[in-house]
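Chain residues, written in single-letter form:
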Amino acid sequence: MTIGRLHTWSEMIAGWDFKQQDFRKTMEEAISLGDGGFAFIDPPYEGGGAGDTPDVLYSSVFGKAAHDLLANKVTEATNAGVKTLITINYSTANLDRYAAFKRITRTQTYASGNLGTELVIQTYESPFFDVMIKNTGWEVFEDKIAA
């Protein structure tokens, strides 16, 4: 069964271009692709560093201004037809930033062994979404999704 899934996924992602780069460049490239674009963004957690100082884990500056810009770019990309998936820390600020999109919470085990709540932002409808939610135990903020 697992081998069958590997073949299915291999066929599905054939031709995809995987990159690790600055979110601004990623979002601009995705926007240029329009409805053929998909972006996965896993930014540093807001509050991980002291304001706009380098984040300890990522060694990059990613403060409130960068998080606000990312949220604006996600909206711009979505309006262009891009599908975007973001994993980010659960916070009131992030719930507000991404209020127009599907927001999902999940329990995350970090490298330190600590447990925390992570927010998953999804700007598109994925196949078998309800089954995924049921099988993972994740929670959806359906009452707050913008129509």
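The model shown is predicted, which means the values in this text are computed figures rather than measured ones. (Residues numbered from 1 in each chain as written. Predicted model: local features only at pLDDT ≥ 70, side-chain atom pairs only at ≥ 80, totals over all residues. Heavy atoms only, no water.)

A. Structural detail: unusual backbone geometry. Even without a glycine there, the phi angle at phenylalanine 128 is positive, about 60°. Mapped onto the elements of the fold, phenylalanine 128 is located in the loop between strand E4 (115-122) and helix H5 (129-136). (Helix = DSSP H or I, 4+ residues; strand = E, 2+ residues; numbered from the N terminus.)

B. Seen up close, the pairing of strand E2 (residues 83-89). Of all seven residues in E2, six are buried; the element is thus mostly enclosed. With five bridges connecting them, E2 and E4 associate as antiparallel partners. Residue isoleucine 86 lies in a different strand from E4, and its bridge partner there is isoleucine 121. (Buried < 20%, exposed > 50% of the residue type's maximum accessible area, 1.4 Å probe, protein only. Pairing = 2+ DSSP bridges.)

C. Region of interest: the packing of aromatic side chains. A full pass over the atoms with the stated rule returns three aromatic pairs. Relative to phenylalanine 38, the ring of tryptophan 16 lies with its centre 6.2 Å away and its plane at 25°, an arrangement referred to as stacked. One end of the pair, tryptophan 16, is in the loop between helix H1 (2-13) and helix H2 (23-33); the other, phenylalanine 38, is in strand E1 (residues 38-41), with 22 residues separating them in the sequence. Taken together, a centroid distance of 5.9 Å and an interplanar angle of 75° make the contact between phenylalanine 38 and tyrosine 124 edge-to-face. Of this pair, phenylalanine 38 sits in strand E1 while tyrosine 124 sits in the loop between E4 and H5, placing them 86 residues apart in sequence. (Phe/Tyr/Trp six-rings, centres within 6.5 Å; stacked < 30°, edge-to-face > 60°.)

D. Representation of the layout of surface pockets in the model. Its boundaries defined by the atoms lining it, the largest pocket holds a volume of some 1800 Å³. The wall of the largest pocket is formed by 47 residues, among which Trp16, Phe38, Ala39, Phe40 and Leu85 lie closest to the centre. Of all elements in the fold, only H1, H2, E1, E2, strand E3 (102-109), E4 and H5 reach the threshold of two or more residues within the lining of the largest pocket. No other element matches H2, which puts six residues into the lining of the largest pocket. Across the lining of the largest pocket, the residue classes tally to 26 nonpolar, 10 polar and 11 charged. (1 Å grid on protein atoms, 1.4 Å probe; cavity = no way out; pocket = protein on both sides within 12 Å on 5 of 7 lines; lining within 4 Å. Points joined across faces, edges and corners; volume = space filled by probe spheres on them. Nonpolar A, V, L, I, M, F, W, Y, C, P; charged D, E, K, R; others polar.)

E. Structural detail: helix H3 (residues 64-79). With 16 residues, H3 ought to run about 22 Å at 1.5 Å a step, and its terminal C-alpha atoms sit 23 Å apart, in line with that. Regarding H3, the residues found buried are Ala66, His67, Leu70, Ala71, Lys73, Val74 and Ala77. Projected down its long axis, H3 carries its buried residues within an arc of 160°, all on one side. More than 90 degrees from the buried face of H3, the exposed residues found are Lys64, Ala65, Asn72 and Asn79. Tucked into the core, H3 has its buried residues touching H2, E1, E2 and helix H4 (92-97). The first or second residue beyond H3 is glycine 81, which carries a positive phi of 100°. (Expected span 1.5 Å × (residues − 1). Arc of directions from axis to C-beta. Contact = heavy atoms within 4.5 Å.)

F. Region of interest: the sheet that holds E4. With mixed pairing, five strands are arranged side by side in an open sheet as E1-E2-E4-E3-E5. Each edge of the sheet is formed by a strand with only one pairing partner; in this case those strands are E1 and strand E5 (139-140). With two bridges joining them, E3 and E5 adopt antiparallel strand pairing. Counterpart to threonine 105 in the pairing with E5 is glutamate 139. Its contacts with the sheet place H2 against E1 and E2, and it is angled at close to 165° to E1. (Axes fitted to C-alpha atoms, helices over the stretch in contact; angles between N-to-C directions.)

G. Representation of a nonpolar patch on the surface within the structure. On the surface, Trp9, Met12, Trp16 and Phe18 cluster together to form a nonpolar patch covering roughly 510 Å² of accessible area. Relative to the elements of secondary structure, phenylalanine 18 occurs in the loop between H1 and H2. (Patch = residues over 30% accessible without salt bridge, like charges linked within 9 Å, V, L, I, M, F, W, Y side chains within 5 Å. Areas by Shrake-Rupley, 256 points an atom, 1.4 Å probe, with all protein chains shown as cover. Salt bridge = Lys/Arg side-chain N within 4 Å of Asp/Glu carboxyl O.)

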